[in-house]
Amino acid sequence: MRVYVPLTLSGLAAAHKAGEIGPGPLTAYAVTPGLREWYVSDDIEELEYAALNRAASASLRMIARDPGEVCRRVVVAVDVPDGAAVADPDRSLDSSSLGEVRIASSVALARAAAVHVDSDDAREDVTAAVTALGAADLGDDDAQFTVDGAEDHELLWFGVQEIPNLIG
């Protein structure tokens, strides 16, 4: 099963140093029954893209919790055994948790298929989104527009072997 684990650049550096993403439990995003139902699609690539975007939003929230963090969203695509990622059935249609899964333990970085990171060009919009996130959560439409501006940036794809260059 492919899951998308939200991180920050410092979290990616720590995972690279440790050789694993963790410790568990980890929150990740995947194509869950709830995500399938919400997006009403059978196109697996479209659904995986939706799960990736959910993880990118979670990465933005991680950045917002650490004022010293570099404002670039990071998502690691990892393949885990079926059953290792479990969705909460009570929250399956809660829009705030669509595609959310839990992984009980750390995941070896060797299981990563790719790393997705914002380009340098996105930094200004991601920084603005981090600043506006609290107001957006409280219903401010202008702040939500700013947060959506970060989501307009596609995450770039990197091979796992490129992690040392990303964390520089």
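This one's a predicted model, so the numbers in the text were calculated from it and none came from an experiment.

## Comments concerning helix H3 (residues 44–64)
- In a regular helix each residue adds 1.5 Å, so 21 residues correspond to 30 Å; H3 covers 30 Å between its end C-alpha atoms and thus fits that length.
- Among all positions in H3, only Leu47, Ala50, Ala51, Leu52, Ala55, Ala56, Ala58, Ser59, Leu60 and Ile63 are buried.
- At the N-terminal end of H3, a side-chain oxygen is found 3.0 Å from the backbone nitrogen of glutamate 45, two or three residues along, and the residue is aspartate 43.

## A few points about the packing of helix H4 (residues 123–137) against helix H5 (residues 141–151)
- Across the interface, H4 lies against H5 with an axial gap of 7 Å and an inter-helix angle of 145°. As for the relative orientation of H4 and H5, their crossing is left-handed in sense. Between H4, through Asp125, Val126, Ala128, Ala129, Ala132, Leu133, Ala135 and Ala136, and H5, the contact on the second element is made entirely by Ala143, Gln144, Thr146, Val147, Gly149 and Ala150.
- A breakdown of the residues in the contact of H4 with H5 according to their chemical character gives 10 nonpolar, three polar and one charged.

## Quick look at the confidence of the model for the protein chain
- Confidence along the protein chain averages 90 in pLDDT terms, with 95% of residues attaining 70 or more.
- Taking the mean pLDDT of every element in the protein chain, the minimum, 83, falls on helix H2 (residues 33–39) and the maximum, 97, on strand S4 (residues 74–79).

What counts, and at which threshold
- Residues numbered from 1 in each chain as written.
- Predicted model: local features only at pLDDT ≥ 70, side-chain atom pairs only at ≥ 80, totals over all residues.
- Heavy atoms only, no water.
- Helix = DSSP H or I, 4+ residues; strand = E, 2+ residues; numbered from the N terminus.
- Expected span 1.5 Å × (residues − 1).
- Buried < 20%, exposed > 50% of the residue type's maximum accessible area, 1.4 Å probe, protein only.
- Polar contact = N/O pair within 3.5 Å; in protein donor to acceptor, adjacent residues only side chain to side chain.
- Axes fitted to C-alpha atoms, helices over the stretch in contact; angles between N-to-C directions.
- Left-handed = near helix turned anticlockwise from the far one by under 90°.
- Contact = heavy atoms within 4.5 Å.
- Nonpolar A, V, L, I, M, F, W, Y, C, P; charged D, E, K, R; others polar.
- pLDDT = per-residue confidence, 0-100.

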